[in-house]
Structure formats: structure tokens, C-alpha cells
Amino acid sequence: MRRLSFGPVTGSLTRYSVPSLFLCLVAFSMLAGCLSDPITAPQVFYRGIFKPNTITHRDTNYNAATQMGDLVIRWTRSESDTQLNFKGYYVKLYRGIHDPIDTITHAIIPDGPAIDSVHVARGVHQYIFKNLALGLYSDAVWGERFENPARPDSLTLSFDSAAEGFSFDPRPLLNPTNLRAVAGGPNSVKLMWDLPATDTNSNVAGYVIYYHKALPIHDTLLRTQYVTLLHVDTVTISGLPNGPDVFPETDFTFWIKTLRGDSTLGGPDSSMVTWAGAVQLTNAGQGDSTNSLEVVSGNGIFIGQNNQGYAIASERNDSALVKINISGQQVTLSGAQFVSSGDEANRIDSIYYLTPYQISDYSQSSFVLPNSSSHNGFVVYALLPNPDQSLSSEPLHVRFFFRKDPSTGTFVSANNSVHVVASYQPNGRLPYD
């Protein structure tokens, strides 16, 4: 091991210690230089600043006399909002125009120079442009910083901006009316509504359907479905949750609101309807090419279970739930209770209902089909005893759709038969068919 030694007379260090001494002197001089600098003001490092991540708008305060309104611009906080060199935000408003190159989304882009601008302080994340005429606009928000005194020509805005283009139309919207429903399957309900007078307004983005399970077994989960196509008055709500028993069908309450382009909902009232899904019954593989059951005169309709679930079958009149007798072109139904009037229809699910029929509405012990129809068929409403009393003693509300024979133009085919499909809820608890 090499040892550090001193000279015999002078006591000076040998050559092996010189590098160590040099390093100590350098470190000491650097430390002394740092300690000697006085700090007379806050030290600011001019870091870059960023734009807000998102920007939104809301159209409000429409004045019908002037046909003008106020535009509220909102944006999220910039990531650099807490930096010492962050001053605030810079907002610009432009007239808008549809991008001539974008023929798919028809995006709205700035049209010419800004028509208004404003500096907004740190911590404020909205600004209101007042008294604007209806039309297309575009806006943008930058982050803004204090200038660096050492570099007067430095940029004072963020490199990029949060921007959007939109149609400004603060006119209030009306909600659809006359919401009605029909079953589209065991876990499906089809809805239809009357479009409001404001449907043609430029600010309509579509409609929102809200729904939850109906009383007395309602849940607290509010579900929504958006209908974003303009001027649409129908939608199918699929995938409805199963009911509380072994049957999938259960009733839901639906209501509808108009959706404006700035996410504001129409008001004040909403049209509502309560309905449930239902099993659509055809002839379990024994039907004709239209997937309907053929029933000859003297036979009737029986509803029951098979290996594939529920189906209708043609049975002799003495064992059928609904008896069918054909005399010439006249078809008479009996064996059940019927609503006194039926409906012309093109399909079994093409008629929408405001409310279900009550048991007192089934006042007729027989029903005679019309000789013909201007539609593809005719819907008859029947109340039947539940064939499976172990499931429910409640009667079944059943819709029957009798198909018009295109070759005869009547409901009676050439071989003296009728063709029928049906829809109902097997549990007997629900009256929505």
C-alpha cells in the first residue's frame, strides 16, 4: 500500500497529494461564489405553457325580439396554470364556415379574422360573448404567459389552442310528444314519438331516451339511449334487463328529451310511456314461408310451450284457446274475450300504443275479421286464460296478427285457411299485449 509522506525538512506534501488539493480548492471556490450572490427578487424560470385540454360552449339568453343571444365559452384548466409565468387565457371568436374540403363531417372552421377577443385572468375558465346573431362560429383559447424581460420578442401564447366550430342557436327547444311503444321481443321495446315544432331548428342534435324499471319493482339505475340522427321519430331499445321472475319480460318507464348541439336538453315537460317486451309467437317450424301459422276452418289457435320455448299451434276447436270458423270470406273468432275493435297494420309490431288495454276493455266474446284491409294484415286483441296455471293464474293479454293473403286480397286463403302470428307475455303479470 502506498503511504502519503512529508519531506524531511520543509514538511510539504509529496507529489501524490497534489490532485486532491486541487479538487478541494475548486469545490471551495464554487461554493463561495454561490454564497456570495445576493437574492434580491423571486427567481422565475420561463417554462413553456400549454393550452386548455378541452373547450365547450352553451347558447343562452335568446331574445326573440332581436333574434340574438349570449354565447358562454368554457374550457378546462391548463396544465401550466400553477406556473409563476402563467398569466391567464386568451380567447378569440370567429365567424364560421363549413370546411369545403371536409365533405363527410362538414366541420366548421374560422372564416376570416377574429370578430372579438379577450384576455382572461388565471383561475377563470369561462367567458360570455353577448348579443350574437344566430349562425356559424368558431372559437379558440390559448394559454398566455408573462413576457420574459430578458427576451422582449419571446412568444406570449401557448404553441397551440383548444378550438371548436359550431352552430350558434340559443332558441329554446320543445320536447317530443305522444310517446308510445310496442314490444319488439322479450328484451326489446320499440318507441315512436311525434316530432316537436322545433325539430327543424339548426341547433337540434337529436333526442335522448331515459328509462328505468317501472313500479313496483323499479330500480335506481337510470339508463339512457341517444338518438343522434336528425328528424328521427322511432328507436328500438334492445337488451333490456330481465324481470324479477323466470321470465325475461318486465315493464320499463321511458321518457324522451330533445338534445341541443350544446348538450342542453329541451324543456320543460317530457312525454312518458310504460311498456314491456313480449314473446313473438310463430308456428315453431310448421308455418309457411311468411313464418306464420296456417289454421284451417274448424281448427283454432293454442298457445303453449315446446322444446324451443313458446309457440302457437293449430288445434281442433274443442281444445283450442281461440276457435276459428270460416264461412265464405268471413272469419269469426271465439272462445276468448276480445276488444271490440282491432287495427289495420303491416306487421304485428307496426302499431305503437300509449297505454295497454285494461281487462274491462275485453268485452266481446267473439270477433269478426273485416273482409279485407288496405294494409298487410289486421291486429286483434284477445284475453286468454293462462294455459299454465302453475306459472300464473292471471289471464294473458295477446295480440294476434292475421295476414292478408296477397293472392285472394282477403284474410282467407284459397284452401279456406288463415295465417296468424301472435305476441304476448307468458307470465300473465304484464298487460302490455
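Just above sits the structure.
For clarity, every value in this text was computed on a predicted model and none was experimentally measured.

Visitor: Describe in detail the sheet that holds strand β2 (residues 68-75), supporting the description with residues and values.
Guide: Pairing in this open sheet of three strands is antiparallel, and the strands run β1-β2-β6 from one edge to the other. The sheet is open, and its two borders are formed by β1 (55-63) and β6 (126-133), each paired with just one other strand. Pairwise comparison of adjacent strand axes, ignoring direction, gives a mean angle of 20° for this sheet. For β2 and β6, the ladder comprises six bridges, and the chain directions are antiparallel. Across the sheet, the residue bridging to M68 is A133, located in β6.

Visitor: For the nonpolar core, give the residues involved together with the corresponding values.
Guide: Formed by 39 residues in total, the largest nonpolar core has its most connected members in L191, W193, I209, I237 and F254. Among the secondary structure elements, those contributing two or more residues to this core are β9 (177-185), β10 (188-194), β11 (204-213), β13 (234-237), β14 (251-260), β15 (271-276) and β24 (377-384). One finds V322, I326, F338 and F400 within the second-largest nonpolar core, a separate group that totals 31 residues.

Visitor: Lay out the sheet that holds β13 in plain terms, naming residues and giving numbers.
Guide: Reading across the sheet, the three strands line up as β9-β10-β13 and stay open at both edges, with antiparallel pairing between neighbours. Every interior strand has two partners, whereas the edge strands, β9 and β13, have only one. Averaged over all neighbouring strand pairs, the angle between strand axes comes to 20°, with direction disregarded. Pairing analysis gives six bridges linking β9 to β10, with the strands arranged antiparallel. Each bridged residue has a counterpart across the sheet, and for G185 the counterpart in β10 is S188.

Visitor: Run through the packing of aromatic side chains, naming residues and quoting values.
Guide: Note on aromatic pairs: each is described by the distance of the centres and the angle between the planes. Applying the stated rule across the entire model yields 18 aromatic pairs. Judged by centre distance (6.3 Å) and plane angle (70°), the rings of Y357 and Y362 are edge-to-face. You can call Y357 partly exposed: its relative accessible area is 24%. Taking the relative accessible area as the measure of exposure, Y362 reaches 5% and is therefore buried.

Visitor: Quick one: what's the story with the environment of D102, residue by residue and with numbers?
Guide: In this fold, D102 is placed in the loop between β3 (86-98) and β4 (108-110). At a separation of 3.1 Å, a polar atom in the side chain of D102 contacts the main-chain amide nitrogen of I104. Of note is the side chain of D102, whose polar atom sits 3.4 Å from the backbone nitrogen of A107.

Visitor: How would you summarise the pairing of β10 if you had to cite specific residues and measurements?
Guide: Remark: a regular strand shows side chains that alternate across the two faces of the sheet. Of all seven residues in β10, six are buried; the element is thus mostly enclosed. Once β9 ends, the chain turns through two residues before running back antiparallel as β10. Bridge count for β10 against β13 is four bridges, and the pairing is antiparallel. Each bridged residue has a counterpart across the sheet, and for M192 the counterpart in β13 is T234.

Visitor: I'd like a description of the environment of S374, backed by residues and values.
Guide: Relative to the elements of secondary structure, S374 occurs in the loop between β23 (364-368) and β24. Residue classification places S374 among the exposed positions, given a relative accessible area of 62%. Along the primary structure S374 and N346 are separated by 28 residues, whereas in three dimensions their C-alpha atoms are 9.2 Å apart. Apart from residues no more than four positions distant in its own chain, S374 is found in contact with E344 and K404.

Visitor: Just give me the short version of the environment of D194, but keep the residues and values in it.
Guide: Of note, D194 is situated in strand β10. Residues D194 and S271, spaced 77 residues apart in sequence, show a C-alpha to C-alpha distance of 9.8 Å. Leave out the neighbours within four places in its chain, and D194 touches P176, T177, N178 and R180. Within the structure, the side chain of D194 is placed 3.2 Å from the side chain of N178, a separation counted as a polar contact. Within the structure, D194 has its side chain in polar contact with the side chain of R180 (distance 3.2 Å).

Visitor: Tell me about the pairing of strand β26 (residues 417-424), and name the residues and values.
Guide: The element β26 is largely enclosed, with a buried count of eight among its eight residues. Side chains S417, H419, V421 and S423 project from β26 onto one buried face, and the interleaved V418, V420, A422 and Y424 project onto a second face that is buried too. Bridge analysis of strand β16 (residues 279-281) against β26 gives three bridges, and the strand direction is antiparallel. The residue bridging Q280 from the neighbouring strand is S423, located in β26. Across four bridges, strand β17 (residues 293-296) lies against β26 in antiparallel orientation.

Visitor: Break down the side chain of H57 for me, citing the residues and quoting the values.
Guide: If you trace the backbone, H57 turns up in strand β1. Classification of H57 as buried rests on a relative accessible area of 11%. A distance of 3.3 Å separates the side chain of H57 from the side chain of E164, its partner in a polar contact. Beyond its immediate sequence surroundings of up to four residues, H57 is in contact with L71, V72, I73, E164, F166 and D262.

Visitor: Talk me through unusual backbone geometry; I want residue IDs and the actual numbers.
Guide: Non-glycine residue N178 carries a positive phi angle of around 60°. By relative accessible area, which is 29% here, N178 ends up partly exposed. Positive phi is not limited to glycine here, since S263 has a value of about 75°. The residue S263 is located in the loop between β14 and β15 in this model.

So, how was this worked out
Residues numbered from 1 in each chain as written. Predicted model: local features only at pLDDT ≥ 70, side-chain atom pairs only at ≥ 80, totals over all residues. Heavy atoms only, no water. Pairing = 2+ DSSP bridges. Helix = DSSP H or I, 4+ residues; strand = E, 2+ residues; numbered from the N terminus. Axes fitted to C-alpha atoms, helices over the stretch in contact; angles between N-to-C directions. Core = buried A, V, L, I, M, F, W, Y, C linked by side-chain atoms within 4.5 Å. Buried < 20%, exposed > 50% of the residue type's maximum accessible area, 1.4 Å probe, protein only. Phe/Tyr/Trp six-rings, centres within 6.5 Å; stacked < 30°, edge-to-face > 60°. Polar contact = N/O pair within 3.5 Å; in protein donor to acceptor, adjacent residues only side chain to side chain. Contact = heavy atoms within 4.5 Å.

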